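Survey of secondary and tertiary structure
This is what each chain is made of:
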Amino acid sequence: MTPEILTSPAAPAGHAAVPSDAVMETVSRVISFDTTSRNSNLALVEAIQDLLVPKGFRVTLTHDDTGQKANMLATLPADDGRLTGGLCFSGHLDTVPVDGQNWVSDPFSASLRDGMLYGRGACDMKGFVGTALAVAINRAGRPQRKPLHLALSYDEELGCAGAPSLVADMIERGIVPDGCIVGEPTMMEIIAAHKGANVGRVHLEGLARHSSRAPDGINAIEHAAAFILFLRNMAADFERNGPFDDHFDVPFTTMQTGLIQGGNAVNTVPAACTLDFEFRNLPGVSADELRRTIADYIETELRPAMKTEAAAGDARLEWPAAAPAFETDETSRFTRLARAIAGDKAIRKVAYGTEAGLFAEAGIPTLVCGPGNIAVAHTADEHVSLEQLARCEQFLHALADAL
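Residues numbered from 1 in each chain as written. Predicted model: local features only at pLDDT ≥ 70, side-chain atom pairs only at ≥ 80, totals over all residues. Heavy atoms only, no water.

Quick notes on the sheet that holds strand 6 (residues 148-153)
Rules: Any two strands are treated as partners once DSSP identifies two or more bridges connecting them. A run of DSSP states H or I qualifies as a helix once it reaches four residues; a run of E qualifies as a strand once it reaches two. Both are numbered from the N-terminal end. Axis geometry follows a simple rule: fit a line to the C-alpha atoms, using only the stretch in contact for helices, then measure angles between N-to-C directions, giving values from 0 to 180 degrees. We call two residues contacting when some pair of their heavy atoms lies within 4.5 Å.
Taking strand neighbours across the sheet as the criterion, the six strands line up as 1-2-6-3-7-15 in an open arrangement whose pairing is mixed. A strand with exactly one partner marks an edge of an open sheet, and here the two such strands are strand 1 (58-63) and strand 15 (366-368). Averaged over all pairs of adjacent strands, the angle between their axes in this sheet comes to 15°, without regard to strand direction. In this sheet, strand 15 lies alongside strand 7 (residues 179-182) in parallel orientation, the contact comprising three bridges. Its bridge partner lying in strand 15, cysteine 180 is registered against threonine 366. Together, strand 1, strand 2 (70-76) and strand 6 form the strand contacts of helix 2 (residues 42-52), whose direction differs from that of strand 2 by roughly 10°.

So this is what it looks like as structure tokens:
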């Protein structure tokens, strides 16, 4: 089915600006692809490639291990052929599911109501991706003093799984932009920092016995409870003693257990238990040090306690996903320039994670700024206002002109 392609309504006199028809077209096209993280994103990647290559962009794809998903790095060279430097627009192509949500309109067909554009990803973050695409294509028809880059990743919603290889590819190819905008929804306010997001998983192997013979087994759930208490005590210590940063709404590092699975019957000693946990560390609090502390507890206390009961006892730790903490250099030319263009001098820091930390770790000056309100991301009838898309379009053009 051909998606409905929206155009921008005229802005009434005295009302907020609206985005260009090109932005409306690209945003609605991008929304029309169901790129829920469990699906392939290749159809959307190919559609974007078809838009960019005829305009002179050099496109490189990096696939995941399955070959069903890909990152895209697209560069419009400078007039002198240079590929490094310039401005980068970064976004992710995947979205969260719509399962169990009651949508008024088709989530994979953009719809326009009362100055709001609705659709899955309209806010997080296909509104930005479509706007960035339209801006990039528009600029392909102009003289290029510096190159322009689009860095589009897969599986951000699964813990920034695709972005590490995308950033590594950029650095390997010698493409180091002068600045990068990660367009997560911020209501077009400049975000100066965010916490790291680190997901851990512990597999505990116990020993099943009839519950009447409980002392002869190893209760994997009870040992999981000990680990959960250990994490809870770590979290309480951060809450009491810090370090603190009052620019965050939760001004300290947090830890919590989110999922636990184990056992098969109430009268059987559970032989296995798996739990997923996370910690969100402030910038300046070492994620590596926290991971070592957790690993040391498992090696020196949890596993030995299980093996004391029987040799079969074991505990294994893995880290399925991590996004590093991020904090911008407020003195950098890029930050000062972006703040001046946005008219935004306030220091804002958020608890959610983005791909910004990966770009910053690679030495690329990075800011988080994009259209939409994070409060409606992932919800039924997710939406972004036309005024926000227009502000984003203007901001990206102005930043590219100034950089």
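Description of the nonpolar core
Formally: To define a nonpolar core, start from buried Ala, Val, Leu, Ile, Met, Phe, Trp, Tyr and Cys residues and group those joined through side-chain atoms within 4.5 Å. Throughout this description, buried means an accessible area under 20% of the type-specific maximum (1.4 Å probe, protein chains only), exposed means over 50%, and partly exposed covers the range between.
Within the largest apolar cluster, 37 residues are counted, with the highest numbers of intra-cluster contacts made by Leu52, Phe89, Ile181, Phe395 and Leu396. Listed by contribution, the elements that provide at least two residues to this core are helix 2, strand 2, strand 3 (87-92), helix 3 (126-139), strand 6, helix 7 (333-342) and helix 9 (386-402). Take this core: its biggest share by element is seven residues, from helix 3. The contacts of phenylalanine 395, once residues within four sequence positions are left out, are Ile181, Met188, Ile190, Ala338, Ile341, Ala342 and Cys369. Val202, Leu275, Phe277 and Leu302 belong to the second largest nonpolar core, which has 29 residues in total.

Some details on the sheet that holds strand 11 (residues 272-280)
Strands in a sheet are paired, the pairing made by backbone hydrogen bonds, and the direction either parallel or antiparallel. Here four strands make up an open sheet; going across it, the order is 10-11-9-12 and the pairing antiparallel. The open sheet has two edge strands, strand 10 (254-262) and strand 12 (314-323), and neither has a second partner. With direction set aside, neighbouring strand axes in the sheet form an average angle of 20°. Inspection of the sheet shows strand 9 (residues 197-205) paired to strand 12 by eight bridges, in the antiparallel sense. Looking at strand 12, one finds that valine 202 is bridged to leucine 317.

Describing the packing of helix 7 against helix 9
Our working definition: By definition in this entry, angles of less than 35 degrees are roughly parallel, angles greater than 145 are roughly antiparallel, angles of 65 to 115 are roughly perpendicular, and the rest are oblique. Rotating anticlockwise by less than a right angle from the far helix to the near helix defines a left-handed crossing, while the corresponding clockwise rotation defines a right-handed one.
Running from amino to carboxyl end, helix 7 crosses helix 9 at an angle of 135°, the nearest separation of the two axes being 10 Å. Comparing the axis directions of helix 7 and helix 9 gives the class oblique. In this structure, helix 7 meets helix 9 at a crossing whose hand is right-handed. Contact with helix 7, carried on its side by Arg333, Phe334, Leu337, Ala338, Ile341 and Ala342, involves Phe395, Ala398, Leu399 and Ala402 of helix 9 and no other residues of that element.

Quick notes on the packing of helix 3 against helix 9
For clarity, the cut-off: When residues are grouped by polarity, Ala, Val, Leu, Ile, Met, Phe, Trp, Tyr, Cys and Pro land in nonpolar, Asp, Glu, Lys and Arg in charged, and all others, Gly among them, in polar.
Where helix 3 meets helix 9, the axes come as close as 10 Å, and the angle between the chain directions of the two elements is 45°. In terms of orientation, helix 3 and helix 9 fall into the oblique class. The way helix 3 lies across helix 9 gives a crossing that is right-handed. Listed contacts from helix 9 to Gly127, Phe128, Thr131, Ala132, Val135, Asn138 and Arg139 of helix 3 are Leu389, Cys392, Glu393, Leu396, His397, Ala400 and Asp401. Along the lines of polarity and charge, the residues of the contact of helix 3 with helix 9 split into seven nonpolar, four polar and three charged.

Digging into the pairing of strand 11
Taken together, the eight bridges between strand 9 and strand 11 define a ladder with antiparallel strand orientation. Across the sheet, glutamate 205 pairs through a bridge with alanine 272, a residue of strand 11. Of the strand pairs in this sheet, strand 10 and strand 11 are connected by eight bridges, and their pairing is antiparallel. Bridged to threonine 257 within strand 11 is phenylalanine 277.

Quick look at the pairing of strand 6
With six of six residues buried, strand 6 lies mostly within the body of the structure. Burial along strand 6 is two-sided: the residues Leu148, Leu150 and Leu152 and His149, Ala151 and Ser153 are all buried. Where strand 3 meets strand 6, six bridges bridge the pair, whose relative direction is parallel. Its bridge partner lying in strand 6, glycine 91 is registered against leucine 152.

Looking at helix 1 (residues 21-31)
Of all the positions in helix 1, only Val23, Met24, Thr26, Val27, Ser28, Val30 and Ile31 are classed as buried. Next to the buried residues of helix 1 lie helix 2, strand 4 (111-113), strand 5 (116-118), helix 3 and helix 9.

Overview of the packing of aromatic side chains
Threshold: Stacked, edge-to-face and tilted labels apply to pairs of Phe, Tyr and Trp rings (six-membered ring for Trp) whose centres lie within 6.5 Å, assigned for plane angles under 30 degrees, over 60, and everything in between, in that order. Ring-over charges, as used throughout, are those where CZ of Arg or NZ of Lys falls within 6 Å of the ring centre and within 35 degrees of the ring normal.
If you walk through the whole model with that rule in mind, you get seven aromatic pairs. On the numbers, 5.3 Å between centres and 65° between planes, the contact of phenylalanine 227 with phenylalanine 277 is edge-to-face. Separated by 50 residues along the polypeptide, phenylalanine 227 in helix 5 (residues 220-241) and phenylalanine 277 in strand 11 bring together distant segments of the chain. Relative accessible area serves as the criterion here: at 0%, phenylalanine 227 is assigned to the buried category. Under the relative-accessibility criterion, phenylalanine 277 is labelled buried at 2%. Aromatic side chains phenylalanine 227 and tyrosine 297 sit 6.2 Å apart centroid to centroid with 45° between the ring planes, which places their arrangement in the tilted category. Taken together, the residues phenylalanine 227 in helix 5 and tyrosine 297 in helix 6 (residues 287-309) connect sequence positions 70 residues apart. Site record: aromatic cluster; members linked through ring pairs are Phe227, Phe230, Phe277, Phe279, Tyr297 and Trp319. One Lys or Arg, lysine 195, reaches over the ring of phenylalanine 248 and ends 5.8 Å from the middle of that ring. Positioned above the aromatic ring of tryptophan 319, the side-chain terminus of arginine 291 is 5.9 Å from the ring centre.

Some remarks on the state of the cysteines
Heads up, the condition is: What counts as a disulfide here is a pair of cysteine sulfur atoms lying within 2.5 Å.
All chains considered together, the criterion is met by zero disulfides. Considering cysteine sulfurs only, cysteine 180 is the nearest to cysteine 88, which forms no disulfide, with 4.0 Å between them. For cysteine 88, a relative accessible area of 0% gives the class buried. The thiol of cysteine 392 is unpaired, and the distance to the nearest cysteine sulfur, on cysteine 369, comes to 7.1 Å. The class for cysteine 392 is buried, based on a relative accessible area of 1%.

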